[in-house]
Structures are given as structure tokens and as C-alpha cells.
Amino acid sequence: MKELDLLKKDWQKTQSQFKEVSENEIYSMIHKKSSSVVKWILIVSIIEFVVLNGIGLFLSDDFTKKFTELHPYLNIFEKVNYLIVLGFIYLFYRNYKSISVVDSSKRLIEAILNTRKIVNIYIIWNIAIGSFFGVFGAIDGFTAAYSKNNSLKAHIEPVTMAISVAVSLLIIIPIIWVFYKLVYGWLLRNLSKNYEELKKINLEN
Amino acid sequence: MEQQFVSLLKENQNLIHKVCRLYTCTEDTHKDLFQEITIQLWKAYPKFRGEAKFSTWAYRVALNTAITLYRKDVKQVKTTEYEKCSFFISQEEYNPEEEEQLKLMYKAIHQLNDIEKALVFMYLEDKDYTEIAETLGISEVNARVKMNRIKGKLKKILNP
């Protein structure tokens, strides 16, 4: 087939017409997956911050008003918490920036481990904060409930209160934990898979 | 190991470019496929023991990626879209008849299915049937038979 032979000749002459891909571009190609996971961690954390606080703004009903009146220092604490969460978001951003420019799998492994560590600290922090506010909420709630049912006995036994609060925490903590595991666990799992692959490659080095 | 891979890939990148050229139509899809092949090569690299030449191994991975993985993600090019394909022929001086023939051939090849493209690719790369068979994982006889069928198909496309 003479057309095919003509094509073959031409095919071999077009070698130099491709845009050359540089080594740096190749590096970033093989690391793209991890950087996209880290990018998602950043995006999800921002969405979470906006959505959860957005809900908080809409829910400022009587209970929350009374709650802040009862515990004015908690209000300040909440503001501090905002700053801390923003700090985490900044750390996620820095992770993302650093992972997009890494040029070796060793440094990528470090970046992945670092990201995982920060996400885990972030989850623990959120559980701690949730429990902290939960304790105050539970105490207020139970005080109100007890005094309604038993108007004579406004004062509750400390033991009863302690047990009630402990039970509420046993409910609150798993809920928060499951929430964060669902939101970030999936992303972290993808990142871990990548990490295992990278480790294999580095071990055989 | 990573450095070794990156420099090997850089040296052999023309091979990937050529696979992309055969399987994609636009600059964007070319880049996408190039990246996908690079990722697949990198993933498979620990298994590459240097028994074969890097290029022989890369042919196999690149074509496999183009045939299987890529097809899942990207809608296959519709016949009408061939018109939009930018075919470039080398900057050689051809007579008008030859140039027309070349353009028609490039267009015809884009209409082949993915497996047929792989065979044509190896043929254009001037590989013998032993290597074609080995790379594509078929028997030598099968490769010959397939190639003859493809030639027939191309003739039909050129002279309907």
C-alpha cells in the first residue's frame, strides 16, 4: 500500500515537531494526584468553616442568646476558636502550596505525612472544642430540665450532673468523630494509598 | 530511581507524543493523554526490571493506557469531529498529490478503532511483526492478519 509507505516516511520525519516536556513538568505530572487530594482537603476545610458558621449565624435563637449571656467568656473563646480554625486552614493552604512544587518522592512523602498529621490534629481539636462547648450546653440544658420537672429542687446533686454530662459527651464525641472521619477520612485514605505507592517505589530504590 | 525515571522519560518522550498524536485530536486531549501515560509509566516503573529496552516497555504501557484507561475517561471522538482534528504533516516538500494523500491518510487512521491504531502505530514506527506481536500481546500470525485487514479497511476509507 503506497499511501501507507508515504505516511510511514512522513511519520518518521515529524519527530521534532512536538513541544518538549521538561523534567519539572514530568515531576509535577507524577505527583499530581497527591496535590489534588491536598487541594481538596483545603477546599473542604474552607467549606466546612463557612457552612458550620453559617448555620450558627442562622440559629442564633433564644437558647444561644441565653447561653452567651450565661457564659460571656465562652463568646470570647469562640472567637479565639475561629482564629485557630483559620490558622488550620492557612496550614492546609501552605501544605497545598508546598506539595504542588515538590520535586522528589522523598519530599512528597514528608509532605503527605505532614498533611496527615495536621488533619488529625485538626480533628482532635474539633472534638475537644465540641466537647468543651458540649459540657456547658449539657449543664445548662439539664439545669433547665431538672428545675422544670422539680421546681422545689433547683439544686442538682453534683454526682447526678456529672453522670448526665458524661452521658451527653459519650453521645457528642462519637458524632463529631464520625462527621470528621466521613469528611476527611476519605481524602486521607486516598492520600495514604498514594503514600504506600511512593514508599514502595522508594524502597526499591 | 525517580530521577532516573524522569530523565528516561524525558529522553523517550517523543514516543509518548506520537501515541498521543494518533489517539487524540486536540492539544488539550494530547496533554491529558500524555499525563495519563506518564502516571501509568511511573506506577508501573517498579516492575520494569530493565530486561527490555525502556522504549519497548514504554510502548507497551503507553498503548495499553491509550487503549484501555483513556477510553474510560474520554468520550471517543465522533466521526464528525475528525474534521476538527489538526493534522500536521512534516515540513518536507511534497507535490500536491502526495500532500493530499498524506492528509487523507492521517484522517483515515483516526477513524480506525483503538486496537487498530495501536497496530498502525507500531507499523509506522517501523517495528517488525515479532515486536508488534510482543508489545500488543498477540501472536505474530495474528498481528500479520490484523495488519492486512487494516490495510484493506484503510483502502476502503480512501476509496469508498
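Residues numbered from 1 in each chain as written. Chains lettered and ligands numbered in written order. Predicted model: local features only at pLDDT ≥ 70, side-chain atom pairs only at ≥ 80, totals over all residues. Heavy atoms only, no water.

- Looking at an unreviewed UniProt entry, chain B carries the name RNA polymerase sigma-70 factor (ECF subfamily), with the source organism given as Flavobacterium croceum DSM 17960.
- According to the UniProt record, the Sequence similarities (unreviewed entry) comment for chain B is "Belongs to the sigma-70 factor family. ECF subfamily." (UniProt positions renumbered as here; feature names shortened; annotations may be inferred.)

## Thoughts on the overall build of chain B
And step 1. A count of helices and strands for chain B gives 8 helices and 0 strands.
And step 2. Moving toward the C terminus, one meets the helices and strands of chain B in the order α-α-α-α-α-α-α-α.
And step 3. Expressed as a percentage of its 160 residues, the buried residues of chain B come to 50%.
And step 4. If you take every contact in chain B between residues at least 6 apart in sequence, the share linking residues at least 24 apart comes to 66%.
And step 5. Within the structure as shown, chain B displays about 8,500 Å² of accessible surface, and the carbon and sulfur contribution to it stands at 46%. (Helix = DSSP H or I, 4+ residues; strand = E, 2+ residues; numbered from the N terminus. Buried < 20%, exposed > 50% of the residue type's maximum accessible area, 1.4 Å probe, protein only. Contact = heavy atoms within 4.5 Å. Areas by Shrake-Rupley, 256 points an atom, 1.4 Å probe, with all protein chains shown as cover.)

## Side note on the environment of Ile46 of chain A
And step 1. Checked against the element boundaries, Ile46 of chain A lands in helix H3 (residues 32-58).
And step 2. Along the sequence, Ile46 of chain A and Val85 of chain A sit 39 residues apart, while their C-alpha atoms lie 9.5 Å from each other.

## Observations concerning unusual backbone geometry
And step 1. Look at Asp126 of chain B: it is not a glycine, yet its phi comes out positive at around 65°.
And step 2. Topologically, Asp126 of chain B is positioned in the loop between helix H6 (114-124) and helix H7 (129-136).

## Overview of the pattern of salt bridges
And step 1. Applying the stated criterion across every chain, the model contains 5 salt bridges over all chains.
And step 2. In this structure, the salt-bridge partner of Lys8 of chain A is Asp126 of chain B, at a minimum N-O distance of 3.1 Å. In this pair, Lys8 of chain A is assigned in helix H1 (residues 2-13) and Asp126 of chain B in the loop between H6 and H7, connecting two distinct chains.
And step 3. Across the salt bridge formed by Glu140 of chain B and Arg144 of chain B, the nearest N and O atoms sit 3.8 Å from each other. Of this pair, Glu140 of chain B and Arg144 of chain B both sit in helix H8 (residues 140-158), 4 residues apart, which is roughly one turn of the helix. (Salt bridge = Lys/Arg side-chain N within 4 Å of Asp/Glu carboxyl O.)

## Focus on the confidence of the model for chain B
All names here are of chain B.
And step 1. Averaged over every residue, the pLDDT of chain B is 82; the share at 70 or more is 85%.
And step 2. Predicted confidence in chain B is weakest over helix H4 (residues 54-73), with a mean pLDDT of 80, and strongest over H8, with 92.
And step 3. Across the whole predicted complex the pTM is 0.61, and at the interface the ipTM reaches 0.79. (pLDDT = per-residue confidence, 0-100.)

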